[in-house]
Structures are given as C-alpha cells and as structure tokens.
2 protein chains.
Amino acid sequence: MAGKASGARGKRPQRPGAPRLSAEAQSGEPALSLERIVAAAVELLDAEGVDGLTMRKLADRVGAGAMSLYWHVDNKEAVFDLALDSVLEYREPPQAGESQDWRGEVLHMLEDWRASMLRHPWSAALLPRRALGPNILLRLELLGRTLSRAGVADADLNVALWSLWNHVMGATITRASFERSDDDLAAAQQRLTGLSERYPTIERSRLLLDNDWDGTFRDGLDFLLDGLAPKR
Amino acid sequence: MAGKASGARGKRPQRPGAPRLSAEAQSGEPALSLERIVAAAVELLDAEGVDGLTMRKLADRVGAGAMSLYWHVDNKEAVFDLALDSVLEYREPPQAGESQDWRGEVLHMLEDWRASMLRHPWSAALLPRRALGPNILLRLELLGRTLSRAGVADADLNVALWSLWNHVMGATITRASFERSDDDLAAAQQRLTGLSERYPTIERSRLLLDNDWDGTFRDGLDFLLDGLAPKR
DNA sequence: AAATCGCATCGTACAGCGTACGAGTCAATC
DNA sequence: GATTGACTCGTACGCTGTACGATGCGATTT
C-alpha cells in the first residue's frame, strides 16, 4: 500500500500554489494529467482504432514513460472507460425544458448522440463492453425528463427510453461497421454481389450498398415515435 | 507459397476414402477439423469471454498444437468471425412463408435472434467489430421477405429492416452489458444509488435495476411495429 | 520398391503486450 | 537537515499472435 487508493488513483491534487514545473520541458507541455491522458487516448483511438491503443504508444503521445500512466489510471480498461465517456459529453441547449415541442427535442438529442459516436467510430465497438459512464447516464436522464414532460408514464417511460436508446446504439453500430477501409469495403461488396442470388431481397433493396444512413436513422426514429405517441 | 491459398485455407478435402486415423488417439477424437475448432471456440468464449480466447487455449481444447490451428484458419480474427456466425445459425420453421400473420412471424424471428445472442453474451460485444456473416445475412433476407409479403414497399422496406435490426442489436447489447459478474453488478448499483440525486428520473423509473428485459424488448417491438404498420 | 508430392501437424522463436515492483526525483512540511 | 508524500520511470515477467521450417504420413507416380 504505497501510494495508491483502491478505486481512483493518486489523482493529482489541486495545485498547492506553484504551477508545478519539473525538469522536463518547462514551457511546452503542461505536465502529465488525467485530462491530457484521456485526450491523447481519444486522439490515438481516432487515428489507429481500438487495437491501436497500447499503453506504450499512449505514453509516447503524452511524452511520458509507460508506467507513469498508472499513477493516474487504474489500468488499460479504465482508459477505455474514460475515453468513451469523454466523447459522449453533452451540452444541454439553454432553452431546454421549456419548449412544447417534445418530439423535436427528442430528435435533437438523439441526432446529437448519434453524431457524437459517429465522430469516433471506435466508440460503437467499445460501448458493449464498458459500463455506463456519467455522461451516458446524463443523456438518458435528460431524455427521460423530456419524455416525462410529454406525458409518458411509468412503464411506458421505461420502454420508450430503452427503445430509443436501442435505436441509437443499433444504428451507430451498424453504421460504424460499414466504415471500414476501402479495401475491406470493396471486398465485402464483391462477396455480396457474388451471393446475390441467395439473398435477392437484400440485393434488390440495396440494403448494404449505397444506403442513406442519416435518412434511414431519422425515418426509423419517426416510426418509433409514431408508435410511442399514442401511449402518452 | 508453400501450402496455403489466399482467402480460405487448406480446408481438409473430402475424405478420399479412409477415415484418416493418425498416430494419436485413434478411437477418441475425430481428428482436427474446422468444425471442431469453431465448436471449441464457442465453448471457450462461453466459458471465459472474449478476452479468454487465446490460440493456445483453443488448441489445448481440441488437443492440438497451437500452430496446427493455422492450417484451418487464417488468423484469430477469422476464429471470431466463424464463432459469431456459427452461433447465429437459423432454422427456418417449416410453415414459414405461407401464414397471413406477418406480425407474428416477425416477432418470432426477432425473438429467436435475440435469444440466440443472449445465449452467448460475447456475441453482442463481438458483432460491432466483425463483418456480416452468411447467417446474419440469411436472417436479414428472411425478415425482408416477410415484410415484403406484408406489403412494405421499397424505401419503407429499407427503413423497416434497419429499424428492426437496430432494435435487436441495441436490446441485446444493452442486456448483455448488464450481465456482468455479481461483484460488478453490486458495485454498479452502489455507484448508481450514490448518484441518484443527479439522475432522479432514471432512479424513479428503476431503469437500470430490476428491469423486465424480455417485456421491454417485446413492448418496444410492438411500438415499432405499430409505427411501421400504417405504411404498408 | 522407390521416389515424389500434397496435406497436415507442431516446436521454436520473436516482437510486442499489460503491468508488478522498486528505485528515483523533487516540493512541501516539520 | 530530515522526513514525507506526490509523481515518474527502468527493468523485468509472463503471456500474446503468428512467421518459419522441420517433420510425418497417405496417395500417386515412376
């Protein structure tokens, strides 16, 4: 039990007074911190994907030794948790909670949610294996409040929340899995057209090829809200 | 270019005539084969999860050396692909395609889909990162045919297919992410109740605690189909 | 009978991984 | 001046995926 607590770590304390400049670059980098680690992790994930994130590369990116990360972070899993949640930060628009247009509000929230995840495609792949961080919970909370104001009641609220969440998750994952490299995409298309006689309906609908993902998402959301609306 | 093709591998040929018994256990194991490898991979994933699958452990389980697997399989990623698709095999019920009850058919298909994935929780975590295998495509195809017979037209068919798919994927992933070990679950609950004043709506709805997942899935599906029905 | 060939198996080796451990530096405190 | 606690990091260990080449074996050809 030398220098670390159980759940969180050393967690650099608020600066006692001096800005803490060590022997290293005293004008460049603002010293190692949890925030910088998480930001670098997001960059690295954006650049190289889930498998591209290693503790050594992450340390390089913040100009530190690999083991220095472990003062600020429990382990690699925690890095994933933090990066994922940081990408899902949500800024509630100022007029929220007053408008009568609950449907418009829900739409905006979910579009923003989806856009945030598509901006970082690895987030879709990561989410199924991670716990729900505070930013995800906040988004669910605000969505729940809006639906509640719209008159959706107890059991229906539960179903509505999960259904909308499912729509966003499913759509994001689907979309992200189609954003592979061009090589993979070309190979996949060739593989599909080869089997087109076995899957004629899929072929005819061009479901997998030149899909309008944004439109499909919005239209599906409309159907869902249409089904939800009578219940309120 | 010694002994392997590019896409698929050596792929043991159809037995020339003799049952191929080598020096090893001549009565026990039916010799190494792609089928046995995939079956063992599913077992291992069921038992130890995604991170628990290593090529050495997999080889142990089929009683072979680690490198022997690579004759039958390109690499570890291919093992994941094969295991995932094998778990999603679908047996079409015999009377399919004749009933008038398209809604019942859709419900049955999607319940089965979800059940198959929940039986192997790792499949939900794996799916976002893997390509769509033939069994997934078959399920989509059959779903598309049913909707088509129900009168869902071009653009609507596309939206309907993806929306239903999204519902299954989202619900499965959500559900699977709540099936952690009891330790994790207890910790999560404590963490949540601690923050309950920040997320009152979520708290009140008991969204995350004792949810009736099966019911929520079915009810959400009903809402979705309610929204879809007028369009046919 | 002998040589050849293709399929299939596996031992060894290597680079890279997450991270345990303990030594080191430096500012603040006593 | 001595001590403490926050923080950094070099080294090392066990484990990973898999490249490479050696080996064995049944069938085919000579």
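Parameters at a glance
Residues numbered from 1 in each chain as written. Chains lettered and ligands numbered in written order. Predicted model: local features only at pLDDT ≥ 70, side-chain atom pairs only at ≥ 80, totals over all residues. Heavy atoms only, no water. Contact = heavy atoms within 4.5 Å. Buried area = accessible area lost by both parts, 1.4 Å probe. Salt bridge = Lys/Arg side-chain N within 4 Å of Asp/Glu carboxyl O. Polar contact = N/O pair within 3.5 Å; in protein donor to acceptor, adjacent residues only side chain to side chain. Helix = DSSP H or I, 4+ residues; strand = E, 2+ residues; numbered from the N terminus. Least-squares fit on C-alpha atoms with pLDDT ≥ 70 in both. Buried < 20%, exposed > 50% of the residue type's maximum accessible area, 1.4 Å probe, protein only. UniProt positions renumbered as here; feature names shortened; annotations may be inferred. Expected span 1.5 Å × (residues − 1).

A few words on the interface of chain A and chain B. You'll often see interface size given as the accessible area lost when the parts meet. Across the contact, 56 residues belong to chain A and 57 residues belong to chain B. Taken together, the two surfaces of chain A and chain B that pack against each other cover about 4,900 Å², and 66% of this comes from carbon and sulfur. When the buried area of chain A at its contact with chain B is split by residue, Arg129(A), Trp162(A) and Phe223(A) rank highest and sum to 15% of it. Joining chain A to chain B, the criterion identifies 2 salt bridges. At the boundary of chain A with chain B, the tally comes to 18 residue pairs in polar contact (both at pLDDT 80 or more). Broken down by secondary-structure element, the contributors of at least two residues to the side of chain A that touches chain B are helix H6 (122–126), helix H7 (134–149), helix H8 (154–177), helix H9 (182–194), helix H10 (200–205) and helix H11 (213–228) of chain A.

What follows is about the relation of the copies chain A and chain B. Superposing chain A onto chain B takes a rotation of 180° plus a shift of 0.0 Å along the axis, which leaves an RMSD of 0.0 Å. The superposition operator between the copies reduces to a two-fold rotation axis. Interface overlap between copies: 100% of the residues of chain A at the interface are likewise at the interface in chain B, consistent with a symmetric, same-surface contact.

A few words now on unusual backbone geometry. With phi around 50°, Arg206(A) is a residue other than glycine that occupies positive phi space. For Arg206(A), the location among the structural elements is in the loop between H10 and H11.

So, on to the pattern of salt bridges. Residues and elements named next belong to chain A. As enumerated under the stated definition, the model contains 28 salt bridges over all chains in all. When the shortest N-O distance is used, the salt bridge between Arg130 and Glu77 registers 3.3 Å. Residue Arg130 is located in the loop between H6 and H7, and its partner Glu77 is located in helix H4 (residues 76–87); the two are separated by 53 residues in the primary sequence. Classification of Glu77 as partly exposed rests on a relative accessible area of 43%. Shared partners join several salt bridges into a network, and the residues in it are Glu77, Asp81 and Arg130.

Moving on, we get to the UniProt feature "DNA-binding region" (unreviewed entry) in chain A. Mapped onto this numbering, the UniProt entry annotates "DNA-binding region" (unreviewed entry) at residues 54–73 of chain A. Within the segment residues 54–73 of chain A, helix and strand shares are 55% and 0% respectively, and the terminal C-alpha atoms sit 14 Å apart.

Attention now moves to the environment of Leu132(B). Residue and element names in this part refer to chain B. Among the structural elements, Leu132 can be located in the loop between helix H6 (122–126) and helix H7 (134–149). When its relative accessible area of 14% is taken as the criterion, Leu132 is described as buried. A sequence separation of 48 residues divides Leu132 from Leu84, and the C-alpha atoms of the two residues are 9.5 Å apart.

Looking now at H7(B). Residues and elements named next belong to chain B. Counted at 1.5 Å a residue, the expected span for H7 with its 16 residues is 22 Å, and the 22 Å between its end C-alpha atoms agrees. Of all the positions in H7, only Asn135, Ile136, Leu137, Arg139, Leu140, Glu141, Leu142, Leu143, Gly144, Thr146 and Leu147 are classed as buried. One or two positions beyond H7, positive phi appears at Gly151, with a value near 100°.

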